[in-house]
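# Structure assessment
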Amino acid sequence: MIKRIGILTGGGDCPGLNPVIRAVVKTAIEKYGMSVVGFKNGYKGLYNNETVELTLENTSGILHRGGTILFSSNKDNLFDYLVPDENGNMVKKNVSHVGVENIKKNNVDAMIIIGGDGTLTSGRDFARLGVPVIGVPKTIDNDLSSTDTTFGFDTAVGVAAEALDRIHTTAESHHRIITVEIMGRYAGFLGLSAGIAGGADVILIPEIPYDINKVADHIKNRIANGKEFSVVAVAEGAKSVTGEVVIQKVIENSPDPVRLGGIAQKVAEDLEQMVGLEARATILGHIQRGGTPSSADRILSTRYGVAAVELAMAGKFGNMVALKDNQMTYASLEDVIGANKAVDPNGELVQAAKAIGTCFGD
Ligand code: F6P
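Residues numbered from 1 in each chain as written. Predicted model: local features only at pLDDT ≥ 70, side-chain atom pairs only at ≥ 80, totals over all residues. Heavy atoms only, no water.

Of regular secondary structure, the protein chain possesses 11 helices and 15 strands. A compact globule built from 362 residues should have a C-alpha radius of gyration of about 21 Å, and the protein chain, at 22 Å, falls within 12% of that. Seen along its three principal axes, the alpha-carbon backbone of the protein chain occupies a region of about 70 × 50 × 35 Å. Every one of the 362 residues in the protein chain was classed for burial, and the buried ones make up 53%. Roughly 15200 Å² of accessible area belongs to the protein chain as shown, and the carbon and sulfur atoms make up 49% of that amount. Distance from the positive charge centre (35 side chains) to the negative charge centre (42 side chains) of the protein chain: 5 Å. (Helix = DSSP H or I, 4+ residues; strand = E, 2+ residues; numbered from the N terminus. Rg over C-alpha atoms; globule rule 2.2 N^0.38 Å. Buried < 20%, exposed > 50% of the residue type's maximum accessible area, 1.4 Å probe, protein only. Areas by Shrake-Rupley, 256 points an atom, 1.4 Å probe, with all protein chains shown as cover. Lys, Arg positive; Asp, Glu negative; His and termini not counted. Charge placed at Lys NZ, Arg CZ, Asp CG, Glu CD.)

Structure below.
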């Protein structure tokens, strides 16, 4: 019998987190007469027992709001958490028992954990400890396995595609090559979809290592055909056939410490030299994660939130709600973790882009 649900949002934020929270709270309270407590700041708040009672009142009016009213953190893993030792030095320890105690202290019967692979890895590990966990898949990268789509992805595609539209007009006016760096970590879903939607002339993604000579030849061909400009969508995880990913910074105490960034600048410099047109780089960065969710993401997030409560009611813990063939379903967290999705280089979407003349540098 579930009387009280706990909820937290972890990892990088994305549009749609608030609609999930709203859907969970409405379903839990209005349909089942439960109560809901939110843990703030992801797992850090679970450790510190920072809570807020979630009600119909304080979750009203958040459907269209980006970010998360519960705040988030992409650094804190309670299974490997920085705490002071007896000498005051910071050391990493497994403090997951503190999280388990706080869940019990708050009389939580089911924990709904909304996050990407880092957050859901801890979710799986709490489930292994016997905590009744339901996962909800979030990320603009769309790289989580066992689900067709994560919420946040559609909004980010829209933002990046609009940026590419805007880059087109200025690139054309100045006869420039403009490279646009698009997030997505080690997966090219965001770069590929935004590149197609935004009409990029070249799309570079991690799954298809590029040969810069082929990219330069493609742009020279465009110039020969009277197109004295080119827009290049570069996924942040893209790499050349001979090179490595470009790392922007390393965040030591993060479960996934590497932050990618800088490849668009490198590609712009290479192309300027090889093609002879002036080249510039634009990094879209966190603009892709901020702001209001698209209608598609509001709908998907609402479905996920409702499905998460229903899954908890059915007692199917240790699972993540998932979308398969536009049907709500679920998958074991054991299968979701460690099996990130990647773009199929021979898949229909890449082939469609190639058929309309898009260069992938291969
Ligand atoms: O996973 C979401 C994401 O936005 C990635 O696309 C990106 O590489 C990373 O998070 C950026 O992380 P941070 O917000 O720590 O800079």
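So, about the sheet that holds strand S2 (residues 35-39). Taken in spatial order, the 7 strands line up as S3-S2-S1-S6-S7-S14-S15 in an open sheet, and their pairing is mixed. In the strand order of this sheet, the two ends are held by strand S3 (51-54) and strand S15 (327-332), each with one partner. Between one strand axis and the next, the sheet turns by 30° as a mean value, whatever way the strands run. Strand direction decides the pairing type here: strand S6 (residues 110-115) and strand S7 (residues 133-137), joined by 5 bridges, are parallel. The partner of Ile113 across the bridge, within S7, is Gly135. (Pairing = 2+ DSSP bridges. Axes fitted to C-alpha atoms, helices over the stretch in contact; angles between N-to-C directions.)

Working note: non-glycine residues mostly have negative phi, and peptide bonds are mostly trans. Positive phi outside glycine occurs at Asn41, with the angle close to 60°. Looking at the secondary structure, you find Asn41 in the loop between S2 and helix H2 (42-48). Phi angles above zero are rare outside glycine, and Asn326 is one such case at about 60°. Along the chain, the position of Asn326 falls in the loop between strand S14 (319-324) and S15.

The next point concerns the sheet that holds strand S10 (residues 230-235). What holds strands together in a sheet is hydrogen bonding between their backbones, with the strands either parallel or antiparallel. Strand order in the open sheet formed by 4 strands is S9-S10-S8-S13, with parallel pairing between adjacent strands. Of all the strands in the sheet, the pair left with one neighbour each is strand S9 (202-204) and strand S13 (279-283). Geometrically, the sheet is characterised by an average inter-axis angle of 20° between neighbouring strands, direction not taken into account. Across 5 bridges, strand S8 (residues 177-182) lies against S13 in parallel orientation. When the bridges of S13 are listed, Thr179 appears paired with Ala281. The strands touched by helix H5 (residues 153-174) within the sheet are S8, S10 and S13, with S8 carrying the most contacts at an inclination of about 165°. On the sheet, helix H8 (residues 263-275) packs against S8, S9, S10 and S13 and is oriented at approximately 160° with respect to S8. (Contact = heavy atoms within 4.5 Å.)

Here helix H6 (residues 189-197) crosses helix H11 (residues 348-355) at 35°, and the two axes come no closer than 11 Å. Like other packed secondary-structure pairs, H6 and H11 cross with a definite hand, here left-handed. Contacts between H6 and H11 pair Leu192, Ser193 and Ile196 from the former with Leu349, Val350 and Ala353 from the latter. Looking at the contact of H6 with H11 residue by residue, the class counts come to 5 nonpolar, 1 polar and no charged. (Left-handed = near helix turned anticlockwise from the far one by under 90°. Nonpolar A, V, L, I, M, F, W, Y, C, P; charged D, E, K, R; others polar.)

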